[in-house]
Amino acid sequence: MIEIKNITKTFTDRQVLAGIDGTFRPGDTSLIIGGSGTGKSVLLKCMIGLITPDSGEVLYDGRNFLTSNIDEQKTIRREMGVLFQGSALFDSKTVLENVRFPLDMLTEQSAAEKNERALECLQRVGLEGAGDRMPSEISGGMKKRVGIARAIVLNPKYLFCDEPNSGLDPLTSIKIDQLIKEITDEYRITTVVITHDMNSMMEIGEKIMFLYKGNKLWEGNSDTLTQSDVAELNEFIYANKLLRETAR
Amino acid sequence: MSRIGSYFIFLGTLFRNREKLRVYLGLILNECVSIGVGSIFIVALVNTFIGAVTCVQTAYNLTNPFVPRNIIALIVRDSTILELAPTLSCIVLAGKVGSNIAGELGTMRITEQIDALEVMGINSSSYLVLPKVIASVLMFPLLVIMAGFLSILGGYIAGTLAGVISPEEYVSGLRFEYKPFGVSFALIKTVVFAFLVSTISAYQGFNVRGGALEVGSASTSAVTNSCIAIVVADFVLTQVLLT
């Protein structure tokens, strides 16, 4: 379980996060939603330790990440898998080497064991034949799937996905969402997804947190999302013409 | 001043929380090939012509009939060993290797590849930069030795082909009043320059924020700052070691 308590962050004179609290449970796909510039990615970066918040706590199964020493932080980090917005695959490595990379760096397994595990993860995301290709030779959707394979290769307890659907067509987006949901259920991972994709919210949002100008304005799930009386949330949801028409 | 301070903090991160030694060995070897082998052609070309030009220009300016012609070779030798081979080669390498390091790390930064390393618990600066620094410190001196040899050879070929000096006079000039410390001095300078070029370029690339435009600016800054550092260090080392 991941708990965040009173996370605040200010860049120069602009407050980006104003005391965010939240709990993310194992086996749940939790979504953090909001418009661009509302602090979603900053919150995610605070949670995974890429940005240090000005105040607050990030607890991984009770372990305070921010006050841990470097070795304890390394231990927690090795329990995390992160899918970045641009997939963040290493350009100089093949798809298989990318997936195997965390095993190479962080485990003492034999080369055969590492390859077997990496191939297993590639197979899990439906890319069994793409191991020898370079990241520049595969599509955006495939890159996301390789990113997911790399994120799960160490059997993480916590999976973070930063806008997994950005730049993808609707069909591929749905496949990526389903993959994240399946993996979360299968391994009982605590999954946190940053998104502003309405389809993701409706399909995989077991728990949804809405951020607006650095504040948490609403919390619920995909069933209660459309019944909210928070004006900012409704404005965000019904920005899409199709949804507006459907709501009428 | 704050940038200089942050540069030294960056240097500190290279040596803290390092990864296992076996991780670095392969990376250092790859970087040696990229930095060393990849720079042979440009360093060889530039230094051969610089030696040739030095020889012909020295001959052109040596109009006094009482000065022996073998002095031309002595001037080519000493200017090559003391200044041209180490300093000019490292300035060329700052352009080639420095911009490459800054561009590579800058691109990795803006495409979140460095963040990906960090979240895995890997010291990204040490993992990415230390092999480049070690490879530079190993390969720059080898390139400079080759540069010195080719520069003197270039002087020999140009001088004899242009008829400004005979082969015998050139060889006797090379042997005249030779001080072996000059070579040690050149290699000490090169090691310092290699460290400066690799770390300054890595610092510029590693701290890129923004997009493609900023990566381009970082590459430019890497080259200009490395060149400034080289000439300043050149003067300081000359003062310290040769006076």
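Residues numbered from 1 in each chain as written. Chains lettered and ligands numbered in written order. Predicted model: local features only at pLDDT ≥ 70, side-chain atom pairs only at ≥ 80, totals over all residues.

A tally of helices and strands in chain B yields nine helices and zero strands. In chain B, the succession of helices and strands from N to C terminus is α-α-α-α-α-α-α-α-α. Its C-alpha atoms give chain B principal-axis dimensions of about 70 × 35 × 35 Å. Within the span of chain B, comprising 243 residues, buried residues form 43% of the whole. (Helix = DSSP H or I, 4+ residues; strand = E, 2+ residues; numbered from the N terminus. Buried ≥ 20, exposed ≤ 12 C-beta atoms within 10 Å, placed from the backbone.)

The next subject is the sheet that holds strand 9 (residues 207-212) of chain A. Residues and elements named next belong to chain A. Here six strands make up an open sheet; going across it, the order is 6-7-8-3-9-10 and the pairing mixed. If you trace the sheet from one side to the other, it starts and ends with strand 6 (80-83) and strand 10 (215-220), each paired once. Geometrically, the sheet is characterised by an average inter-axis angle of 15° between neighbouring strands, direction not taken into account. Bridging between strand 3 (residues 29-33) and strand 9 involves four bridges; their strand directions are parallel. (Pairing = 2+ DSSP bridges. Axes fitted to C-alpha atoms, helices over the stretch in contact; angles between N-to-C directions.)

This part is about the packing of helix 4 (residues 70-110) of chain B against helix 7 (residues 167-175) of chain B. All names here are of chain B. It is at 7 Å that the axes of helix 4 and helix 7 come closest, and there the two elements cross at 50°. Comparing their axes, helix 7 and helix 4 come out oblique. As helix 4 packs across helix 7, the resulting crossing turns out to be right-handed. Here Asn70, Ile71, Ile72, Ala73, Leu74 and Arg77 of helix 4 lie close against helix 7, whose contacting residues are Glu169, Tyr170, Ser172, Gly173 and Leu174. Taken together, the residues of the contact of helix 4 with helix 7 break down into six nonpolar, three polar and two charged. (Parallel < 35°, antiparallel > 145°, perpendicular 65-115°, else oblique. Left-handed = near helix turned anticlockwise from the far one by under 90°. Contact = placed C-beta atoms within 7 Å. Nonpolar A, V, L, I, M, F, W, Y, C, P; charged D, E, K, R; others polar.)

The next point concerns the interface of chain B and chain A. Each partner contributes residues to the interface: chain B has 13 residues there, and chain A has 15 residues. Sort the elements by how many residues they give to the side of chain B that touches chain A and helix 5 (residues 113-119) of chain B lands first, with five residues. By residue class, the composition of the side of chain B that touches chain A is five nonpolar, four polar and four charged.

Counting 113 residues, the largest nonpolar core has Leu43(A), Met47(A), Val82(A), Val99(A), Ala149(A), Phe160(A) and Val197(B) as its most contacted members. A total of twelve residues in this core trace back to one element, the largest contributor, which is helix 6 (residues 124-162) of chain B. Counting the residues that make up this core, at least three belong to each of domain 1 (14-79 + 159-248) and domain 2 (91-155) of chain A. Setting aside its immediate chain neighbours within four residues, Leu43(A) contacts Ile7(A), Leu17(A), Ile20(A) and Ile32(A). Counting eleven residues, the second largest nonpolar core, distinct from the first, contains Ala52(B), Ile72(B), Ala73(B) and Ile165(B). (Core = buried A, V, L, I, M, F, W, Y, C linked by C-beta atoms within 7 Å. Domains from an automatic or database assignment.)

All right, on to helix 6 (residues 170-187) of chain A then. Since the α-helix packs 3.6 residues into each turn, any two residues three or four apart lie on the same face. Residue and element names in this part refer to chain A. A rise of 1.5 Å per residue sets the reference length of helix 6, with its 18 residues, at 26 Å; its end C-alpha atoms lie 26 Å apart and thus fit the reference within 8%. Along helix 6, the residues that are buried comprise Ser173, Ile176, Asp177, Ile180, Ile183 and Thr184. On an axial view of helix 6, the arc spanned by its buried residues comes to 130°, and they lie on one face. In this structure, helix 6 carries Leu171, Gln178 and Glu186 as exposed residues pointing more than 90 degrees from its buried face. (Expected span 1.5 Å × (residues − 1). Arc of directions from axis to C-beta.)

All names here are of chain A. In this structure, Asp61 takes a positive phi of about 50° despite not being glycine. In this fold, Asp61 is placed in the loop between strand 4 (55-60) and strand 5 (63-64). A count of 13 C-beta atoms within 10 Å places Asp61 in the partly exposed class. Look at Ala88: it is not a glycine, yet its phi comes out positive at around 55°.

Residue and element names in this part refer to chain B. Viewed as axis vectors pointing N to C, helix 6 and helix 8 (residues 181-206) meet at an angle of 145°, and their least axial separation amounts to 8 Å. Considering the relative orientation of helix 6 and helix 8, their crossing is right-handed. Across the interface between the two elements, Ser125, Val129, Lys132, Val133, Ser136, Val137, Phe140, Pro141, Val144 and Gly148 from helix 6 touch Ala186, Leu187, Thr190, Val191, Phe193, Ala194, Phe195, Val197, Ser198, Thr199, Ala202 and Phe206 from helix 8. Its residues assigned to classes, the contact of helix 6 with helix 8 comprises 15 nonpolar, six polar and one charged.

Bringing the environment of Val99(A) into the picture now. All names here are of chain A. In this fold, Val99 is placed in helix 3 (residues 95-106). Overall, the presence of 31 C-beta atoms within 10 Å leaves Val99 in the buried class. As a C-alpha pair, Val99 and Arg77 span 22 residues in sequence and 17 Å in three-dimensional space. When neighbours within four sequence positions are excluded, Val99 is seen to be in contact with Ala118, Cys121, Leu122, Val146, Ala149, Arg150 and Val153.

Interface size is commonly expressed as the accessible area that is lost once the parts come together. Residues and elements named next belong to chain A. Entries for chain A in the domain assignment read domain 1 (14-79 + 159-248) and domain 2 (91-155). Each of domain 1 and domain 2 has a C-alpha centre, and these two points are 25 Å apart. Class assignment of the residues belonging to the side of domain 1 that touches domain 2 gives a composition of eight nonpolar, two polar and one charged.

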